Structures are given as C-alpha cells and as structure tokens.
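Analysis of the macromolecular model
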Amino acid sequence: MTHQDGANDLVARFAERYGFREDELLNTLAQTAFRQQNGSLPTREQMLSLLSVADQYQLNPFIRQLWGLPDRKGGIFPVISVDGWIKVMNSYPESDGMEFIYSDQMVLMDDDAKPCHEWVDCVVYRKDRTHPVKVREYLDELYRPAPIKNGKKFPGPWQTCPKRMLRHKAQAQGIRLAYGLSGLFEPDEAERILETQLGEPEPPSLQAVADSPVLVEPDKTATTQPQEKTAIPIPDSGESQTPDTTEAPQAGVIEVDSVEVPEPSDIDPQILSFIEQVVGRARETGAYTAAQGFAEERFKEDANALNYCLYKLDQAQAASHSPVSTAA
C-alpha cells in the first residue's frame, strides 16, 4: 500500500464514521475544527497528521477533543482537551480509573491569583499493574502570571481557577506517563512550546537584535525630555479603570510610561524590524498570547517598544477575527 492509499483510507474511515462524503470531510474540518486561531487554514498534510492521531485514539475533532496548533517548521501540535485525555485513557482496556490527591498547604502566587494547593498528585490505576502510577505537579513550576496589554493586567485561567488548571496539568501528565504516550500535548503546554519557539533565533540576526544593549539600556546621550509617568491601577478583572495621577503608586499599582502608542519614528529601526517579525510569527501561528508574553519579557526595560509591539499584536489579532468576504 502506498502512502497515498493510506491517506485515502484514513479519510474514508473518518468520512464514514461521521457521515460525510470523502470530498467534503477535509474541507469541513479545515473550516471548523482545524481552523487556526488567526483564521488561516491548515494544509492537507497537517490535517492528515491530526486525523492520524484522532484515528489512533478514537478522538472526535468536531467536539474539540482534538485540534492543532502549527509550529514554526510547518508541522502541527496535536492538542488534546481535558475530555480528550480522559477519552485516550479509557480507550485502553487496562484502564482502571484515577484519583487526585491535594496538598494541605495553600499558596498565593501573586496578588492577582486565588489561593491554590501547593501541589496535586494524579494517581492512575491500571488493571495489569500491581502499583499505580503517581505524578505530582507543583504550582510554582506551572503558574503563568496575568498577561499585560498596554500597561494593564488581564487575569486569565491561572488567576481565576488555578486549582482546576493545576489538576488538568497533573491529569495529562499522569495519563501520559501511565500509558507511555508521546507527541500529544495539552493546551497550556502547546502554548508554552510555541512561546519558546518565538524566542528562537530565526534568522540568526534576530538573536543579535534581541540581545542588543539598545533593548535594555537607555540612550544616555539623548537630549529629549523624559516621558511623564502615569500610575495605572491594575484591575482585578479585565475591566478598565480610570488612571489616577494625583497620588504616588500604591501596592497593586505599576508605574509605566504613557500608554499612548509611540510613533514608529521614536523606536530604533532594528527594534521595529524585530517587532514586525514577532507579529508576523504570531499571525502565522495564531499564538498571540505567547507572543504577548514574549514581548513583555524582551521589552520589559523599553516601554515604548513594549507598547508599540502589544499594539501591533492587538491589531493583528483583531484583523484575524474580521470576516473575510469571498467572491460569489
């Protein structure tokens, strides 16, 4: 059997399973379950890769048990939802359930988060093993701070439901270890990998730009007046608040340069080029959250560059969700 025959058989099995004609199955998946966050469509090769994983573990992409995130090299990460991991575990006849054990010690990672257990154990039982598999995940190794956009914090799932996030991480790792799985990713893990890829030097000149002193050291010879500082309260939720400039910053308040988006002419051309490449990568992969976190780390000493990069990322993300008109 040739590779093409195998691909056709795979598509035929899925088409029969979900009641599609073969000629409409891939198009339907591309337009719905496998459509990327930035609105782009996956390639045929990427969809066949995801279908192969879905077929092996009997996952249903139409109810989001499986989807994909493209990497920088043209491949794709098979991302498994919480329900999908349970389906994978139950696909093994040896499966005998699982349980969770929580630490008594509660910790508070920062002022934005709710208290959470210091660690969670996932205990996975198999009928063919005398001893269960136990995996412990620690909050301080997994917690992700609230993302910052234009000087304001926006709490995410690690702030609003950290216990659930930690349990999900332990669950995925427990199932993976108990059944020797590889090449499968849970959503938070896939985003972290994409964030790491955003930091890789490609082309090599990007590393020189990222490490350039201009990103972390102000120009001591500049004669322009420093920008006025504005104290911006950090909201407890995503709601905006009115800036208060009458008092010195208090606890829970960060001090940043004016949140007005700087003119590109105020930013070093090398940094502008670097920002455009970061935005381009985010647009290609749809990993806007990862790109924002990467920008906050790279430009943490350059408020102008940070505000401009976040502004461009917001623009790109908004454009990716705009409806696209097609000719009749």
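Right above here is the structure, for reference.
Because the structure is a prediction, the values reported are computed rather than measured. Positions within a chain are numbered from 1, following the residues in the order the chain's sequence is written. Local features in a predicted model are, by the rule used here, given only for residues with pLDDT of at least 70; side-chain atom pairs are given and counted only at 80 or more, and totals for whole chains, interfaces and linings are based on all residues. Computation of side-chain values: all heavy atoms of the structure, hydrogens and water removed.

**Focus on the overall build of the protein chain**
The test is simple: Strands are runs of DSSP state E lasting at least two residues, helices are runs of H or I lasting at least four, and both sets are numbered from the N terminus onward. By definition in these notes, contact holds between two residues if any of their heavy atoms fall within 4.5 Å. Computed by Shrake-Rupley with a 1.4 Å probe, the accessible areas treat only the displayed protein chains as cover when residues are assessed.
Scanning the protein chain for helices and strands turns up 12 helices and 11 strands. The long-range fraction of contacts in the protein chain, counting pairs at least 24 apart against all pairs at least 6 apart in sequence, stands at 64%. Surface exposure of the protein chain reaches about 18,000 Å², of which carbon and sulfur atoms provide 50%.

**Digging into the packing of helix H4 (residues 82-90) against helix H7 (residues 162-178)**
Selection criterion: Here the axes come from fitting lines to C-alpha atoms, over the contacting stretch only for helices, and the angles between their N-to-C directions go from 0 to 180 degrees. Reported orientations rely on four angle classes, namely roughly parallel under 35 degrees, roughly antiparallel over 145, roughly perpendicular from 65 to 115, and oblique for the rest. Handedness of each helix crossing follows the sense of rotation of the near helix against the far helix: counterclockwise by less than a right angle gives left-handed, clockwise gives right-handed. When residue character is reported, Ala, Val, Leu, Ile, Met, Phe, Trp, Tyr, Cys and Pro are called nonpolar, Asp, Glu, Lys and Arg charged, and the others, Gly included, polar.
Look at H4 against H7: their axes get within 10 Å of each other, and the N-to-C directions meet at 25°. On the basis of the axis angle, H4 is roughly parallel to H7. Of the two possible hands of crossing, H4 and H7 adopt the one that is left-handed. Touching Val82, Trp85, Ile86 and Met89 of H4 are His168, Gln171, Ala172, Ile175 and Arg176, all from H7. Considering only residue class, the contact of H4 with H7 consists of 6 nonpolar, 2 polar and 1 charged.

**Considerations on the pairing of strand E1 (residues 66-70)**
The following threshold applies: Whether a residue is buried, partly exposed or exposed follows from its accessible area with a 1.4 Å probe, protein chains only, as a fraction of its type maximum: under 20%, in between, or over 50%, in that order. Only strands joined by at least two bridges in the DSSP assignment are considered to pair.
When you tally the buried positions in E1, you get 5 out of 5 residues, the bulk of the element. Residues Leu66, Gly68 and Pro70 point to one face of E1 and Trp67 and Leu69 to the other, with burial holding for every one of them. For E1 and strand E2 (residues 76-80), the ladder comprises 5 bridges, and the chain directions are antiparallel. By the bridge assignment, tryptophan 67 is partnered in E2 with valine 79.

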